[in-house]
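A look at the structure
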Amino acid sequence: MRLLVAFGTDDGVHLNDDHVGQAKEYMVYEFTDDSESLVETRQNSSFHGDEAMQHGDPEKARATSAVLSGIDVLVGRKFGPNITRLLRKFACVVVRTQQVDTAVKVIRTNIEAVAEQHAMGEDRKH
């Protein structure tokens, strides 16, 4: 098993407080059967996008998806109306913690369920 999991953050320590698509950057971890490691940090180029776009705008979902190309799982504290679009591309996981390192542990603890959701393709649930 190998999953690339992105965690939305504004400061590299905490998950961002807004919808995950509004994060300034994404910390990308590679999860395997027995380990996880940070492999890269991606800047959210859509973060300073068109302010006229509303939450749920399909263009916002496309912009987030483009930044997260190749990612299997997206983790955040909140998802907006675009979650239905994002679920077509990613397994979306809502966590109730503030720290990225704690969220990594939550994913590790639940990796089998996360992998199952990822395998469901467009039939995924959050």
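Just above sits the structure.
In this report, the structure presented in the accompanying data block is examined. (Residues numbered from 1 in each chain as written. Predicted model: local features only at pLDDT ≥ 70, side-chain atom pairs only at ≥ 80, totals over all residues. Heavy atoms only, no water.)

Within the protein one finds four helices and five strands. When its helices and strands are written in sequence order, the protein yields β-β-β-α-β-α-β-α-α. A total of 126 residues make up the protein; the buried ones form 42% of that total. If you take every contact in the protein between residues at least 6 apart in sequence, the share linking residues at least 24 apart comes to 53%. Roughly 6800 Å² of accessible area belongs to the protein as shown, and the carbon and sulfur atoms make up 46% of that amount. (Helix = DSSP H or I, 4+ residues; strand = E, 2+ residues; numbered from the N terminus. Buried < 20%, exposed > 50% of the residue type's maximum accessible area, 1.4 Å probe, protein only. Contact = heavy atoms within 4.5 Å. Areas by Shrake-Rupley, 256 points an atom, 1.4 Å probe, with all protein chains shown as cover.)

Moving on to the sheet that holds strand β2 (residues 25–32). Ordered by their spatial adjacency, five strands build an open sheet running β3-β2-β1-β4-β5, and the pairing between neighbours is mixed. Sheet topology places β3 (36–43) and β5 (91–94) at the edges, where each strand pairs with a single neighbour. For this sheet, the mean angle separating the axes of adjacent strands, direction not counted, is 25 degrees. Together, β1 (2–9), β2, β3, β4 (73–76) and β5 form the strand contacts of helix α3 (residues 100–109), whose direction differs from that of β2 by roughly 35 degrees. (Pairing = 2+ DSSP bridges. Axes fitted to C-alpha atoms, helices over the stretch in contact; angles between N-to-C directions.)

Generally speaking, soluble globular proteins have nonpolar side chains that are buried together. Ranked by internal contacts, the top residues of the largest apolar core, which has 18 residues, are F7, F31, V73, V75 and I107. Of all elements in the fold, only β1, β2, β4, β5, α3 and α4 (111–119) reach the threshold of two or more residues within this core. Looking at this core element by element, the count peaks at four residues for α3. L4, A6, I71 and I83 belong to the second-largest nonpolar core, a separate cluster that totals 16 residues. (Core = buried A, V, L, I, M, F, W, Y, C linked by side-chain atoms within 4.5 Å.)

This brings us to the packing of aromatic side chains. Across all of its chains, the model carries one aromatic pair by this definition. Centre to centre, the rings of F7 and Y29 are 5.4 Å apart; their planes meet at 85 degrees, and the pair counts as edge-to-face. Placement of the pair is F7 in strand β1 and Y29 in strand β2, with a sequence separation of 22 residues. Neither residue differs from the other here; F7 and Y29 are each classed as buried. (Phe/Tyr/Trp six-rings, centres within 6.5 Å; stacked < 30°, edge-to-face > 60°.)

Let's shift gears to the pairing of β4. Side chains V73 and V75 of β4 all project onto a buried face; the interleaved residues L74 and G76 project onto the opposite face, where all are buried too. Note: β1 against β4, three bridges, orientation parallel. Bridging across to β4, V5 finds its partner in V73. Here β4 pairs with β5 via four bridges, running parallel. The residue bridging G76 from the neighbouring strand is V94, located in β5.

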